[in-house]
Amino acid sequence: MRLIPRPTVVSQGVAFDTAQEAWLWAAFITRHGVGGGSLTAHESDIPKPCEPRDVISVACRLRRAGVLSGYEFGALCRYGAAECPPDPRIQEEVQDERYWSQALGKLTGPLQEKGIVKISPWANSATGKTHTGFKQGIGMRSDFSCYERNI
């Protein structure tokens with residue numbers, strides 16, 4: 001059998017405001033696409049500047065390079081699977097919120113370089129608290145995994 005690469009659609013999409021918004025979007029699409037859904041960046045109402053695997057591959061690359069610690073990467077994966085950021089008002093999530101914020105801070109630069117996240121000189125894009133519309137119960141478990149080769 002011959003392997004044929006996926007066609008690349010070049011389109012101008014609307015960049016995300018924050019790395020958090022991009023990460024939660026990628027996690028949502030990846031999680032629900034695995035379950036038989038056919039959601040991609042090009043089928044949404046607002047065109048996105050990337051595919052979900054592009055956002056996840058940046059995080060995986062940073063983890064392999066040692067830029068993201070295991071705790072930071074784990075927080076991204078856990079709360080990406082839960083489709084909402086950690087809540088610092090919950091005692092068990094205080095530490096995870098710190099790792100989450102640090103990881104998003106490290107993701108912001110590479111995502112901005114790729115045009116996935118808007119460059120905003122006056123906003124703290126690492127911990128932006130924008131509503132993404134993907135929030136579900138935090139107790140929910142999922143098989144969302146952050147392995148680039150599974151994308």
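Going along each chain's sequence as written, the residues are numbered from 1 onward. Given that this is a predicted model, residues contribute local features only at a pLDDT of at least 70 and side-chain atom pairs are listed and counted only at 80 or more, while totals for whole chains, interfaces and linings are drawn from all residues. Where side-chain values are given, they derive from all heavy atoms of the structure, hydrogens and water being excluded.

A. Examining the side chain of Ser57 more closely. Comment: elements are numbered from the N terminus, with helices defined as DSSP H or I runs of at least four residues and strands as E runs of at least two. The topology assignment puts Ser57 in helix H2 (residues 52–64). Engagement of the side chain of Ser57 in a polar contact is seen with the backbone oxygen of Asp54, the distance being 3.0 Å. Contacts described as polar in this section are N or O atom pairs within 3.5 Å, which, within protein, must combine one atom able to donate a hydrogen with one able to accept it, while residues neighboring in sequence count only if both atoms come from side chains.

B. Spotlight on the nonpolar core. In this text, buried Ala, Val, Leu, Ile, Met, Phe, Trp, Tyr and Cys residues form a nonpolar core when linked through side-chain atoms within 4.5 Å. Partly exposed describes any residue whose relative accessible area lies between the buried limit of under 20% and the exposed limit of over 50%, with all areas from a 1.4 Å probe on protein chains only and scaled to the type maximum. Ranked by size, the top nonpolar core spans 30 residues in total, and within it Trp23, Val55, Leu76, Leu107, Leu111 and Ile116 carry the most contacts. The set of elements that each furnish at least two residues to this core consists of helix H1 (19–34), H2, helix H3 (70–82) and helix H4 (94–113). No other element matches the eight residues that H1 contributes to this core. Note on definitions: a residue-residue contact is assigned when non-hydrogen atoms from the two residues lie within 4.5 Å. If near-sequence neighbours (up to four positions away) are discounted, Ile116 is found in contact with Ala15, Phe16, Ala22, Pro49, Cys50, Asp54, Val55 and Leu111.

C. Highlighting unusual backbone geometry. Phi at Glu83 takes a positive value of approximately 65°, unusual for a residue other than glycine. As for its placement among the helices and strands, Glu83 is situated in the loop between H3 and H4.

D. Representation of the pattern of salt bridges within the structure. One speaks of a salt bridge when a side-chain nitrogen belonging to Lys or Arg is within 4 Å of a carboxyl oxygen belonging to Asp or Glu. Tallying each qualifying case throughout the model produces five salt bridges. Here Lys106 ties to Glu72 by a salt bridge, and the two come within 3.0 Å at their closest N and O atoms. Taken as a pair, Lys106 in helix H4 and Glu72 in helix H3 lie far apart in primary sequence, 34 residues in all. The buried category is assigned to Glu72, whose relative accessible area is 4%.

E. Highlighting the environment of Arg98. Here Arg98 is to be found in helix H4. Here Arg98 falls in the partly exposed class, since its relative accessible area comes to 40%. C-alpha separation for the pair Arg98 and Pro88, spaced ten residues apart in sequence, amounts to 8.6 Å.

F. Representation of the packing of H3 against H4 within the structure. Interhelical geometry of H3 versus H4 gives an angle of 100° and a closest axis separation of 8 Å. Taken together, the axes of H3 and H4 are roughly perpendicular relative to one another. Each of Tyr71, Glu72, Ala75, Leu76, Arg78, Tyr79 and Gly80 in H3 lies in contact with H4, whose residues at this interface are Asp96, Tyr99, Trp100, Gln102, Ala103, Leu104, Lys106 and Leu107. Class assignment of the residues belonging to the contact of H3 with H4 gives a composition of nine nonpolar, two polar and four charged. Helix axes are fitted to C-alpha atoms over the stretch in contact, other axes to C-alpha atoms as well, and angles between N-to-C directions run from 0 to 180 degrees. For classification purposes, an angle smaller than 35 degrees is called roughly parallel, one larger than 145 roughly antiparallel, one from 65 to 115 roughly perpendicular, and anything else oblique. Only Asp, Glu, Lys and Arg are considered charged in this grouping, and only Ala, Val, Leu, Ile, Met, Phe, Trp, Tyr, Cys and Pro are considered nonpolar; every other residue, Gly among them, is considered polar.

So far we have only geometry, and geometry alone does not tell us how the molecule works.
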